[in-house]
Amino acid sequence: MKMLKPNKHYQNLKDSYLFYNIAQKTNAYQAAHPDQKMLRLGIGDVTLPLCDAVIQALHQAVDDQANKPTFHGYMPECGAPFFLEAVQQYYAKRQINLDTSEIFVSSGASDELGDILDLFAEENTALVIEPAYPAYVDANIMANHPLIHLNSSQENGFTPLPDDSLEADIIYLCSPNNPTGAVFSHEKLKAWVDYANQHHSLILFDAAYEAFIEEENVPHSIFEIEGSRTCAIEICSLSKTAGFTGTRCGYTIIPKELNFEGMNLNAMWVRNRTTKTNGISYILQRGAAAVFTEEGQRQIKANIETYKANARTLMAALDACGIWYCGGHNAPYIFMRCPNNMTSWECFDYLLEKAQIIGTPGAGFGQCGEGYFRLSTFGSPEDTREAAKRLMTLFKKD
Ligand code: PLP
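This one's a predicted model, so the numbers in the text were calculated from it and none came from an experiment.

About the thresholds
Residues numbered from 1 in each chain as written. Predicted model: local features only at pLDDT ≥ 70, side-chain atom pairs only at ≥ 80, totals over all residues. Heavy atoms only, no water. Domains from an automatic or database assignment. Contact = heavy atoms within 4.5 Å. Buried area = accessible area lost by both parts, 1.4 Å probe. Salt bridge = Lys/Arg side-chain N within 4 Å of Asp/Glu carboxyl O. Helix = DSSP H or I, 4+ residues; strand = E, 2+ residues; numbered from the N terminus. Buried < 20%, exposed > 50% of the residue type's maximum accessible area, 1.4 Å probe, protein only. Phe/Tyr/Trp six-rings, centres within 6.5 Å; stacked < 30°, edge-to-face > 60°. Lys NZ or Arg CZ within 6 Å of the ring centre and 35° of its normal. Pairing = 2+ DSSP bridges. Axes fitted to C-alpha atoms, helices over the stretch in contact; angles between N-to-C directions.

**Q** Tell me about the domain arrangement of the protein, residues and numbers included.
**A** Here the protein is described as being made up of domain 1 (17-46 + 298-395) and domain 2 (52-295). Between the C-alpha centres of domain 1 and domain 2 there is a distance of 28 Å. Taken together, the contacts link 28 residues of domain 1 with 35 residues of domain 2. Across the domain 1 to domain 2 interface the summed buried area is about 2,600 Å²; carbon plus sulfur atoms make up 58%. The largest share of the area that domain 1 buries against domain 2 comes from N330, F365 and C368, three residues that together contribute 25% of it. Counting the contacts that link domain 1 with domain 2 gives two salt bridges. When the shortest N-O distance is used, the salt bridge between K308 and E214 registers 2.9 Å. At six residues, the largest contribution of residues to the side of domain 1 that touches domain 2 is made by helix 10 (residues 294-321).

**Q** Now, about the pattern of salt bridges: what can you tell me, with residues and values included?
**A** According to the stated counting rule, one finds 16 salt bridges in the structure shown. The salt bridge partner of R229 is E102, with a shortest N-O separation of 2.4 Å. One end of the pair, R229, is in the loop between strand 6 (202-206) and strand 7 (232-237); the other, E102, is in the loop between helix 3 (81-92) and strand 2 (103-106), and 127 residues separate them in sequence. Exposure remark for R229: the relative accessible area of 25% places this residue in the partly exposed category. One network of salt bridges, in which partners are shared, links R94, E210 and E224.

**Q** Provide a residue-level description of the packing of aromatic side chains, including the pertinent values.
**A** Under the criterion given, the structure shown has 22 aromatic pairs. Centre to centre, the rings of F83 and F292 are 6.3 Å apart; their planes meet at 70°, and the pair counts as edge-to-face. Placement of the pair is F83 in helix 3 and F292 in the loop between helix 9 (282-290) and helix 10, with a sequence separation of 209 residues. For F83, a relative accessible area of 0% gives the class buried. Classification of F292 as buried rests on a relative accessible area of 10%. Between Y307 and F378, the aromatic rings sit 4.8 Å apart at their centres with planes inclined by 85°, giving edge-to-face as the arrangement. Placement of the pair is Y307 in helix 10 and F378 in the loop between strand 15 (372-376) and helix 12 (381-395), with a sequence separation of 71 residues. Overall, the relative accessible area of 0% leaves F378 in the buried class. Ring pairing ties together the aromatic residues F83, Y90, Y91, Y251 and F292, which thus form one cluster. R94 extends its terminal NZ or CZ atom over the ring of Y91, reaching a point 5.7 Å from the ring centre. A cation over an aromatic ring shows up here: R337 above the ring of Y372, its NZ or CZ 4.7 Å from the ring centre.

**Q** Pulling in residues and values, what's your account of the sheet that holds strand 2?
**A** Spatially, the seven strands line up as an open sheet ordered 2-8-7-6-5-3-4, and their pairing is mixed. A strand with exactly one partner marks an edge of an open sheet, and here the two such strands are strand 2 and strand 4 (147-151). Each adjacent strand pair in this sheet contributes to an overall mean axis angle of 20°, direction not counted. In this structure, strand 7 lies alongside strand 8 (residues 250-253), joined through four bridges in antiparallel fashion. In the strand pairing of strand 8, E234 is matched with I253.

**Q** Would you mind going over the sheet that holds strand 14 (residues 360-361) in detail, with residue names and values included?
**A** The strand order across the open sheet formed by four strands is 11-12-15-14, and the pairing between neighbours is antiparallel. In this open sheet, the two edge strands, each paired with only one partner strand, are strand 11 (325-327) and strand 14. Pairing geometry for strand 11 and strand 12 (residues 333-337), over three bridges, is antiparallel. Each residue of the ladder has a partner; that of C326, found in strand 12, is F335.

Structure, rendered in structure tokens:
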């Protein structure tokens, strides 16, 4: 009998027990110690609400939809002109000139990171630098792209360089990085751009955390790098920049110069979006465009500053304890070396038992994350200060 055939590649996905295990252990501990206050530094989600400029724009847009003269039906699939122009001007401030037809609105980076694989034939290899955001690996398993796992390490600052032995067609670069908080320098990004141009491969640059960069000379966009327009797509999101994790909006940049075997990736993505989406809601795009106004920028920076103060609190504690870490300055994550040679799960259990601090074991982001532990700076300032105090009590040597 003829029967529907499912995508068998889903069988190759490893069950992700990471956040399930964390929740199980945390809940069990809390049940056994109901009076103890848990300090949750495992979260990758924002905790501060949308800023006032966004809220006002959203309210106004709801009213627009209530009146015939201002009502909007279907929006242009690739983005409303007012949103695309707002993103265009944001890039222009960094001397990156984009045509609005190179900018695409999206409902977030995760959606795009998976959907964009529609553009590439199955035989393309996908290179993922580990430790990595787990969705890169899983999306490529679902699409049956052979994976190349490139380990990064403390020695190369978690920002490895390409070498010619790699046969990578699709290259994931995430800077600032989740989970390590590391950032790629201009020189290192240039090396990847040169590799991609020489090997006719494509960089998928995940800029989800660009708004957290505080050091002057760190690139916010792959398009700050010479030669990138012929080899890179940038995927960005307002999730962490402006608290849109539950609201959903982002943007993707696909330059017109991306031609492979006579096919143009920008034109293909237009075809994809006009077929597979009917655009992003007018209301959301109005709210998202407000992020790029002067007022919006000032307000989101104030929120980001709260997370950065958390980062400084944790970094000061780790410095006082002599614990090595990466990140914290240009990213909302701190990737610390587990003290006393603990494995990352031993460190999880130890911090849970001794200090009621919940973080994320580095091994959950790939094998080379073993021996490290991710602390998020998205928690409340009170919890973060308390966690820093408890870390010092546990690990500060006199
Ligand atoms: N890329 C990275 C590196 C992330 O850490 C995340 C979310 O945590 C995303 C993308 C997804 O963001 P979005 O909420 O836009 O889907």
